[in-house]
Amino acid sequence: TPTAILVGTGRGAQLGILIRGPEILESTRQVDTIVLDKTGTVTVGKMTLIDVIFTKETNRSEVLKLVGALENASEHPIAQAIAMGAKNELGQLLSVESFVSKAGLGVQGVVNAHVVIAGRSAHLDEQGMPLNSKMQAAKELAEANGQTAIVAGWDGKAKAVLVVADTIKPSSPLAIEKLRKLGLAPVLLTGDNKAVANSVASLVGIEEVIAEVLPADKVEVIRRLQEQGRVVAMVGDGVNDAAALAQADLGLSMGTGTDAAMQASDLTLVRGDLLSANDAIMLSRKTLTIIKSNLFWAFAYNVAAIPLAAAGLLNPMIAGFAMAFSSLFVVGNSLRLRNFNPQH
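Computed from a predicted model, the values in this text were never measured in an experiment.

Student: What should I look at first to understand the sheet that holds strand S8 (residues 157–165) in this one?
Tutor: Adjacent strands of a sheet pair through backbone hydrogen bonds, lying either parallel or antiparallel. Taken in spatial order, the six strands make up an open sheet running S3-S8-S7-S6-S5-S4, and their pairing is antiparallel. Each having just a single partner strand, strand S3 (48–54) and strand S4 (97–102) make up the two edges of the open sheet. Between one strand axis and the next, the sheet turns through 20° on average, direction left out of account. Judged from the four bridges that link them, S4 and strand S5 (residues 106–111) form a sheet pairing that is antiparallel. Note on S5: the bridge partner recorded for Glu97 is Val110. Here helix H7 (residues 133–144) sits on the sheet in contact with S3, strand S7 (148–154) and S8, set at roughly 15° to S8.

Right under this line is the structure:
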């Protein structure tokens, strides 16, 4: 067993797969469901600001000046896309005071003496800032196209819809297909609205979608799937995924993600490519198969030869040779893992 684990984890490291411990090998054999975070896992996670819709009371420059400055204080990829778009058009951004981030809802802060709020429409509704019909239509159109719409307001009114778009990683559709062939049922889990989630899911071939989930509720989603009798693997990359990764029977984190996610996971995929998840599960299962064959043949040689020698039916030297050969076989069998090469 130690020999196979040593060779298997070494080969994994060469392929950019870091395995935390030997018990992980057993977990991969039993997994039947794989939950995939959307942003940064199935998609690139680098969004781009593609459109700004605003009311008659303001203009594009003011929207980017205020909302861009506010979002620049956030580390969320959607916020950074808006901030980058504002920087590209305006240059230096203003500073933010009294910045507050509400997980899964949005952000708030004071920019240039304006209390600016940006995020989900529910976040603005809480502040008594509903969208007008034009902005509501723009938001729904963007979401129907699989894009993400961020609404923003200040001075007590909703004033803009900023549309950002993420792209699917080129390897994601193939990775989903391969995970299915391994007997895993893929589930897309995201905080985005259902229209965006369903659009992404349809492009990569995922049928089961769980959308509009707050970060704190991701753990509950994993727990609910486990209560249904499913053995769950979770793939994620952000701080918001850390608790869910720890709750899952098998946690896989993207090496391009946060340290918190990597610490909470059982496997780290250094390349940040979803195909690596397929490679990791294949390698783990192959390693477990080698371990079982090692155990069988090591016992088979000795169980057959030693009693025969004790009974005088076999030369003791031959029994000793069988014992030595079993050790050589175990090492040689384990070294086969060095040739493991997933075909993409």
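Student: Just to check I follow, could you spell out the environment of Gly238 for this structure?
Tutor: Positionally, Gly238 belongs in the loop between strand S11 (232–236) and helix H11 (242–247). Each C-alpha atom, one on Gly238 and one on Leu214, is 13 Å from the other, the two residues being 24 residues apart in sequence.

Student: When you look at the packing of helix H4 (residues 60–71) against helix H5 (residues 77–90) in this model, what are you seeing that I'm missing?
Tutor: In a pair of packed helices, the angle between the axes and the distance between the axes together describe the arrangement. One way to put it is that H4 packs onto H5 with a least axis distance of 8 Å and a crossing angle of 135°. Relative to H5, the element H4 lies oblique. Classified by chirality, the crossing of H5 by H4 is left-handed. Where H4 abuts H5, its residues Arg60, Ser61, Leu64, Lys65, Val67, Gly68 and Glu71 lie against Ala79, Gln80, Ile82, Ala83, Ala86, Glu89 and Leu90. Residues that form the contact of H4 with H5 fall into these classes: seven nonpolar, three polar and four charged.

Student: What is the right way to read the side chain of Thr58 from this model?
Tutor: With respect to the helices, strands and loops of the structure, Thr58 is situated in the loop between S3 and H4. Residue contacts for Thr58: discarding those within four places in its chain leaves Val63, Trp154 and Lys159.

Student: What am I meant to see in helix H2 (residues 23–30) here?
Tutor: Residues spaced three or four apart along an α-helix face the same direction, because each turn holds 3.6 residues. Along H2, the positions that sit buried rather than exposed are Ile24, Leu25, Ser27 and Thr28. Taken end-on, H2 shows its buried residues confined to a sector of 160°, consistent with a single buried face.

Rules used throughout
Residues numbered from 1 in each chain as written. Predicted model: local features only at pLDDT ≥ 70, side-chain atom pairs only at ≥ 80, totals over all residues. Heavy atoms only, no water. Pairing = 2+ DSSP bridges. Helix = DSSP H or I, 4+ residues; strand = E, 2+ residues; numbered from the N terminus. Axes fitted to C-alpha atoms, helices over the stretch in contact; angles between N-to-C directions. Contact = heavy atoms within 4.5 Å. Parallel < 35°, antiparallel > 145°, perpendicular 65-115°, else oblique. Left-handed = near helix turned anticlockwise from the far one by under 90°. Nonpolar A, V, L, I, M, F, W, Y, C, P; charged D, E, K, R; others polar. Buried < 20%, exposed > 50% of the residue type's maximum accessible area, 1.4 Å probe, protein only. Arc of directions from axis to C-beta.

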